[in-house]
Amino acid sequence: MSASAVFILDIKGKVFCEYFKELEEESIRDNFVIVYELLDELMDFGFPQTTDSKILQEYITQQGNKLETGKSRVPPTVTNAVSWRSEGLKYKKNEVFIDVIESVNLLVNANGSVLLSEIVGSIKLKVFLSGMPELRLGLNDRVLFELTGLSGSKNKSVELEDVKFHQCVRLSRFDNDRTISFIPPDGDFELMSYRLSTQVKPLIWIESIIEKFSHSRVEIMVKAKGQFKKQSVANGVEISVPVPSDADSPRFKTSVGSAKYVPEKNVVIWSIKSFPGGKEYLMRAHFGLPSVEKEEVDGRPPIGVKFEIPYFTVSGIQVRYMKIIEKSGYQALPWVRYITQSGDYQLRTS
Amino acid sequence: MTDSKYFTTTKKGEIFELKAELNSDKKEKKKEAVKKVIASMTVGKDVSALFPDVVNCMQTDNLELKKLVYLYLMNYAKSQPDMAIMAVNTFVKDCEDPNPLIRALAVRTMGCIRVDKITEYLCEPLRKCLKDEDPYVRKTAAVCVAKLHDINAQLVEDQGFLDTLKDLISDSNPMVVANAVAALSEIAESHPSSNLLDLNPQSINKLLTALNECTEWGQIFILDCLANYMPKDDREAQSICERVTPRLSHANSAVVLSAVKVLMKFMEMLSKDLDYYGTLLKKLAPPLVTLLSAEPELQYVALRNINLIVQKRPEILKHEMKVFFVKYNDPIYVKLEKLDIMIRLASQANIAQVLAELKEYATEVDVDFVRKAVRAIGRCAIKVEQSAERCVSTLLDLIQTKVNYVVQEAIVVIKDIFRKYPNKYESVIATLCENLDSLDEPEARAAMIWIVGEYAERIDNADELLESFLEGFHDESTQVQLQLLTAIVKLFLKKPTETQELVQQVLSLATQDSDNPDLRDRGYIYWRLLSTDPVAAKEVVLAEKPLISEETDLIEPTLLDELICYIGTLASVYHKPPSAFVEGGRGVVHKSLPPRTASNESTESPEAAPAGAPTGEQPDVIPTQGDLLGDLLNLDLGPPVSGPPLATSSVQMGAVDLLGGGLDSLIGDTNFGAPPAAAPARPGAPIGSGLSDLFDLTSGVGTLSGSYVAPKAVWLPAMKAKGLEISGTFTRQVGSISMDLQLTNKALQVMMDFAIQFNRNSFGLAPAAPLQVHAPLSPNQTVEISLPLNTVGSVMKMDPLNNLQVAVKNNIDIFYFSTLYPLHILFVEDGKMDRQMFLATWKDIPNENEAQFQIRDCPLNAEAVSSRLQSSNIFTIAKRNVEGQDMLYQSLKLTNGIWVLAELRIQPGNTSFTLSLKCRAPEVSPHVYQAYETILKN
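Residues numbered from 1 in each chain as written. Chains lettered and ligands numbered in written order. Predicted model: local features only at pLDDT ≥ 70, side-chain atom pairs only at ≥ 80, totals over all residues. Heavy atoms only, no water.

Looking at an unreviewed UniProt entry, chain B carries the name AP complex subunit beta, with the source organism given as Heterocephalus glaber. Of chain B, the UniProt comment under Subcellular location (unreviewed entry) reads exactly: "Endomembrane system". Comment text from UniProt for chain B, heading Sequence similarities (unreviewed entry), reads "Belongs to the adaptor complexes large subunit family." (UniProt positions renumbered as here; feature names shortened; annotations may be inferred.)

As named in an unreviewed UniProt entry, chain A is AP-1 complex subunit mu-2, taken from Heterocephalus glaber. What the UniProt record of chain A gives under Function (unreviewed entry) is the line "Subunit of clathrin-associated adaptor protein complex 1 that plays a role in protein sorting in the trans-Golgi network (TGN) and endosomes. The AP complexes mediate the recruitment of clathrin to membranes and the recognition of sorting signals within the cytosolic tails of transmembrane cargo molecules." Entered under Subunit (unreviewed entry) in the UniProt record, the comment concerning chain A runs "Adaptor protein complex 1 (AP-1) is a heterotetramer composed of two large adaptins (gamma-type subunit AP1G1 and beta-type subunit AP1B1), a medium adaptin (mu-type subunit AP1M1 or AP1M2) and a small adaptin (sigma-type subunit AP1S1 or AP1S2 or AP1S3). Interacts with P2X4."

Quick look at the structure:
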């Protein structure tokens, strides 16, 4: 009856993954002793306890502990108020890498109207900092700009609809004055995620005509248009178009890139390595259909699109600054990268 | 090299071999053997025979080995309790190990060994570990208390661990605090009455501070605990909400859901007119939407919770319809749940979009999903009247697809649409009839038959259609048979001339050839109706049908309120209270939402019934006459003074009293949503005040002197009320209660336009007249006013019970204060119970309800005590002398009809009296005791 059972199972899965790379029967068999040890630390009497795998790794190791070495003590981190960062870390070069990744979720009706368009963003940090640094991240957050009176100026700001933070971020502080302040964990972690449902033009727009002539053939015409700035380029574009499960003898013609039939998924995948903004491309496909109708009915799967646009965020979010303060006073450098990619990007077919 | 090799040995002499290896001198070999044992245990082989050998390995300095041995112990100690004792020594020693990991490990494991003999030995080590210097050990020990409580609750109480645990709530380490809160909450669940967590504004404040420092799971424990707190007013509720809202930005979905739970619960206390209420509504939507960006399993949990939230407060997500649109690759369980929420959110504003989506879904391939989509279209038609026409035409389009299950499903919902909008869409009947032959599911057949019967006069060949069903009458399911019977009778009543034969046929099929009692009964009723009075039959069978409700599949409101209290737990996923699926004692405590605020109630939308809170225990006794009598009293004795002398004889009063307990719990439940015995109800109240004069005269025991009156105390200091000082007291004289007020103007300006209002309170105290201050109150002037009160106001249980929240208004501002009224102002004049009745009632009230108190330093003798109490309406019914002690048996009755019986023991020469009180609503007892104290000592 303990709360949030599903959430803790999800977390457990993640912890095990970090320990064993993959979570499957074999890896559990191979490591059952550690699994027992981990379960012991993760939960007590049904109460979730410590679930941060980095901290767990400090005292539950794959090799099995020898007491004689005197090493296996409780790391103070387990019970510290800052339960996600160990003390005494040292780096020669103090650096923080910031990745701003935006995924675009899109759902378009068969008649071409956009049903749902949202941006799910995530700011990931790779932290190589000594000691216990205090970090402050500044974004062009509209609410913050309004609070501080910056909104009137030419600064472009972004309205974040919902923001979620890693547990290291002081939530009450953010609630008060929108300051994102925290002591980061070491290494990789997701600092925050956000969501916006502001309507933006779909970055890659697809128009398709799928004509099915029963017992003879299917003809597919797909037009893809890059609706983003000319300077930007979408990489690794993959447009998957559904075809009937009993289709055969594929033939393709593309204005750019290459098309491939993937029978196990019943799709044609049209790949375009680089797709500059403002361009428009075309693909035609032709399939044969058997003369005998098959029994089961196909669903109407949507067209899916995958892509990645570097150095660009759809929302226009920007990291204005990252302040790093540590009591030893070292200088640290923040590096920022932006990227936009497809999330759940679906266009229904008729 | 991996551990999986340990699983591979399956030879016959395995146990024997293992035994040898376990006793080997080589450490490495021993460890290998223990691993093999654990591996066997894990896959379910019985290795309990190795118990002594494994326990022998316990004393080791290898932590990994130790953990494995402990694991073994946890598993098998119960089957080998005697041998488990062998392990105790090592446990006790490990609890003092210099390494905190080992200390914690030992105390954690001991708690998991559910063997009585061992638990005794656990106490001392546990006590030490609770005070350990290392927080890791303390946090583990805190949980261990909960484990131990589960095994032996009495032991935990006797050993005083609960107090230590309470102390840990103030621990400097947030993780320890969180675990202590978790453990106490767990224990409190099996002790609903105990005030273990002792939640009050101070401790709540502490928890809210700890909230900012805890790990994510700790935050959940604390939030769940906060959700059990009942703020004293809307302001406190708001301030807690303000401090909880930042949690909505936590990355952990479980934290978010727990925060949502707290907010949903406390919102109940906020007035909808408050700006803050609107702000909160806005803040809740985005995090709920974000929960849907997770993996499908988590999405499902979120959707189940959202489903509850949408039913409780649809306004939160009313603009978020789009996020619930189904995606092709959603798993079916997510699809179905999204669909359900879509229908709940459907409104005139978004119906076009919803219908377009539903039509899309209805042409999918997944049968379950398609069926539900078709049904959803019907539900939209019923919910949003403006859309009905479009829904019907969409359904007709779908029927044209001729996909069998789509057609059947569509016919079922069209029947509902006919019910909701009679005589509007009959033009489609012809299309429906075309599909008659393809219907093979009972529900669809029954729906079609109903339509034919209902509109028989418009369908030319109705008789033929129905007759065609009649051929296979016995092969139909009961549902179809019943429907067919009714439809043919309807047809007969509408077209009697040509269908007589048909009706004869169906009646005999139903009554003679069927062995289904329902069918036979219905057949006979129709038969007799038709044969005795065809006109009456027409009135009965063709009666106008009640409208069907707009929303179907709604969770019943009290259950919904309870489930809201369980957001983020399994109960919210199952949509069942924990008591429905948790075995054993835990989870039987029902939770309830806080009562709504008064201002809230007036603006309440009609679909949300008053917060009918589910209650913990059943009312103890509810004799059936109780209801009746209660209703009678309620009806007859509406206004307080005009009540007829229904109960002039004490015997009759006794009858009322017997029912008192059950009655008021009953009414408390249904009307006001306060816990059962606590809510003193209205019906009794009028009798008290209404009959008091009469009773006084007839019985001749009442004195006219009135109850004890406390000196006036300052209730509202001038500094808090912009110069208005209010002091006052309560009096009761000859059956009327009044609030004597003294208003002093300490400001520099004139005060006028005074008005007073009470918040709802436990006994329904309310001003019987407006506050009349005749002249404006000039600076430094004081005025004395006596405000008559009655007890017919709204009732809400307060904490403490006798708390009264008052608002006073003048031309400057509105001021609020709260005061406690002495309970004896509520003792009514007819509170003397008949002797026999007293004895019977005393016996009848269960012993758990008896409370004992000491009244110290009271120099009075029995007679003086008796007469003094009598002037405050505590009546002595009998006096006995037992072994030199005077025993006074007394009764009193509260304005709401609750009787309190008392036994007062007075020893000559001893100034301490013992007071035993028995009452069906035991929470009044402490206040009655206080009344005794006040009356006797002043």
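Novice: Got a minute to help me understand the pattern of salt bridges in this structure?
Specialist: Should the charged atoms of two oppositely charged side chains come close, the side chains can pair. Residues and elements named next belong to chain B. This model, assessed by the stated rule, comprises 58 salt bridges over all chains. Here lysine 937 and glutamate 933 are joined by a salt bridge, their closest N and O atoms 3.2 Å apart. In this pair, lysine 937 and glutamate 933 both sit in helix α38 (residues 925–937), four residues apart, roughly one turn of the helix. Here the residues in one salt-bridge network are Arg371, Arg375, Glu409, Glu441 and Glu443, joined through shared partners. (Salt bridge = Lys/Arg side-chain N within 4 Å of Asp/Glu carboxyl O. Helix = DSSP H or I, 4+ residues; strand = E, 2+ residues; numbered from the N terminus.)

Novice: When you look at the sheet that holds strand β6 (residues 162–165) of chain A in this model, what are you seeing that I'm missing?
Specialist: Strand pairing in a sheet is mediated by backbone hydrogen bonds. Such pairs are either parallel or antiparallel. Residue and element names in this part refer to chain A. Taken together, the nine strands give an open sheet; going across it, the order is β6-β8-β4-β3-β18-β16-β11-β14-β13, and neighbouring strands pair in mixed fashion. Each edge of the sheet is formed by a strand with only one pairing partner; in this case those strands are β6 and β13 (258–262). Geometrically, the sheet is characterised by an average inter-axis angle of 15° between neighbouring strands, direction not taken into account. Pairing of strand β3 (residues 95–108) with strand β18 (residues 333–347), which is carried by 13 bridges, proceeds in the parallel orientation. Among the inter-strand pairings, aspartate 99 is bridged to a residue of β18, identified as arginine 337. (Pairing = 2+ DSSP bridges. Axes fitted to C-alpha atoms, helices over the stretch in contact; angles between N-to-C directions.)

Novice: Sorry if this is basic, but what is going on with helix α19 (residues 351–362) of chain B here?
Specialist: Every α-helical turn comprises 3.6 residues, leaving residues that sit three or four positions apart pointing alike. With 12 residues, α19 of chain B extends 16 Å from end C-alpha to end C-alpha; this agrees with the ideal 16 Å at 1.5 Å per step. Turning to α19 of chain B, the residues buried within the fold contact β4 (114–128) of chain A together with α18 (332–345), α20 (367–383), α21 (388–400) and α22 (404–420) of chain B. (Expected span 1.5 Å × (residues − 1). Contact = heavy atoms within 4.5 Å.)

Novice: For this particular structure, what's the right way to read the interface of chain A and chain B?
Specialist: When the parts of a complex come together, some accessible area is lost, and that lost area is often used as the size of the interface. Taken together, the 65 residues of chain A in the interface contact 91 residues of chain B. Where chain A packs against chain B, one counts seven salt bridges. Measuring nitrogen to oxygen at the nearest pair gives 2.9 Å for the salt bridge that ties glutamate 37 of chain A to lysine 67 of chain B. Inspection of the region where chain A meets chain B yields 21 residue pairs in polar contact (both at pLDDT 80 or more). (Polar contact = N/O pair within 3.5 Å; in protein donor to acceptor, adjacent residues only side chain to side chain.)

Novice: Explain the packing of aromatic side chains to me, please; I cannot follow it from the model alone.
Specialist: Aromatic rings in a pair are described by how distant their centres are and how their planes are angled relative to each other. With the rule as written, the count across this model stands at 26 aromatic pairs over all chains. Ring centres of phenylalanine 252 of chain A and phenylalanine 287 of chain A lie 6.1 Å apart, and the angle between their planes is 75°; this geometry places the pair in the edge-to-face category. You can see phenylalanine 252 of chain A sitting in strand β12 (residues 248–254) and its partner phenylalanine 287 of chain A sitting in strand β15 (residues 280–288), a full 35 residues away along the chain. Given the relative accessible area of 31%, phenylalanine 252 of chain A is considered partly exposed. Residue phenylalanine 287 of chain A is classed as buried on the basis of its relative accessible area, which comes to 0%. On the basis of an interplanar angle of 90° and a centroid distance of 4.7 Å, the ring pair of tyrosine 574 of chain B and phenylalanine 581 of chain B is categorised as edge-to-face. Among the residues examined, phenylalanine 581 of chain B registers a relative accessible area of 26% and is labelled partly exposed. Here the aromatic residues Trp715, Phe730, Phe763, Phe817 and Tyr821 of chain B are joined through ring pairs into a cluster of three or more. The cationic tip of lysine 323 of chain A hangs over the ring face of tyrosine 321 of chain A; the distance from NZ or CZ to the ring centre is 4.6 Å. Above the ring of tyrosine 816 of chain B, the side-chain terminus of arginine 235 of chain B is found at 5.1 Å from the ring centroid. (Phe/Tyr/Trp six-rings, centres within 6.5 Å; stacked < 30°, edge-to-face > 60°. Buried < 20%, exposed > 50% of the residue type's maximum accessible area, 1.4 Å probe, protein only. Lys NZ or Arg CZ within 6 Å of the ring centre and 35° of its normal.)

Novice: Would you explain the packing of α20 of chain B against α22 of chain B in this entry?
Specialist: Packed helix pairs are characterised by how far apart their axes lie and by the angle those axes make with each other. Residue and element names in this part refer to chain B. Remark: α20 packs on α22, axes separated minimally by 9 Å, with the N-to-C direction vectors making an angle of 15°. Viewed along their axes, α20 and α22 adopt a mutual orientation that is roughly parallel. As α20 packs across α22, the resulting crossing turns out to be right-handed. Residue-level contacts link Val367, Val370, Arg371, Val374, Arg375, Gly378, Ala381 and Ile382 of α20 to Tyr405, Val406, Glu409, Ala410, Val412, Val413, Asp416, Ile417 and Lys420 of α22. Split by residue class, the contact of α20 with α22 holds 11 nonpolar, one polar and five charged. (Parallel < 35°, antiparallel > 145°, perpendicular 65-115°, else oblique. Left-handed = near helix turned anticlockwise from the far one by under 90°. Nonpolar A, V, L, I, M, F, W, Y, C, P; charged D, E, K, R; others polar.)

Novice: How should I be thinking about a nonpolar patch on the surface in this particular structure?
Specialist: A cluster of nonpolar side chains, Phe97, Leu333 and Trp335 of chain A, forms an exposed patch at the surface whose accessible area comes to about 290 Å². By the element assignment, tryptophan 335 of chain A lies in strand β18. (Patch = residues over 30% accessible without salt bridge, like charges linked within 9 Å, V, L, I, M, F, W, Y side chains within 5 Å. Areas by Shrake-Rupley, 256 points an atom, 1.4 Å probe, with all protein chains shown as cover.)

Novice: Would you mind showing me how to read the environment of isoleucine 55 of chain A here?
Specialist: Relative to the elements of secondary structure, isoleucine 55 of chain A occurs in helix α4 (residues 53–59). Along the sequence, isoleucine 55 of chain A and tryptophan 84 of chain A sit 29 residues apart, while their C-alpha atoms lie 6.7 Å from each other.

Novice: Please explain the sheet that holds strand β10 (residues 217–226) of chain A as it appears in this structure.
Specialist: Residues and elements named next belong to chain A. The sheet built from four strands is open, its strands ordered β9-β10-β15-β12 with antiparallel pairing. Strand pairing shows two members of the sheet lacking a second neighbour, β9 (204–213) and β12, which therefore form its edges. Between one strand axis and the next, the sheet turns by 15° as a mean value, whatever way the strands run. Taken together, the 10 bridges between β9 and β10 define a ladder with antiparallel strand orientation. In the strand pairing of β10, glutamate 211 is matched with glutamate 219.

Novice: What am I meant to see in the nonpolar core here?
Specialist: Nonpolar side chains tend toward joint burial in soluble globular proteins. Grouped together as the largest cluster of nonpolar side chains are 249 residues, with contacts concentrated most on Tyr72, Leu126, Leu317, Phe324 and Phe418 of chain B. Take this core: its biggest share by element is 11 residues, from helix α15 (residues 253–267) of chain B. Among the nonpolar cores identified, the runner-up in size contains 72 residues, and Val163, Met192, Phe275 and Phe312 of chain A belong to it. (Core = buried A, V, L, I, M, F, W, Y, C linked by side-chain atoms within 4.5 Å.)

Novice: It is not clear to me how a negative patch on the surface should be interpreted in this structure. Could you clarify?
Specialist: Taken together, the side chains of Glu464, Glu467, Glu471 and Glu501 of chain B make up a negatively charged region of the molecular surface. Looking at where glutamate 471 of chain B falls in the secondary structure, it is placed in the loop between α25 (462–470) and α26 (478–494). (Lys, Arg positive; Asp, Glu negative; His and termini not counted. Charge placed at Lys NZ, Arg CZ, Asp CG, Glu CD.)

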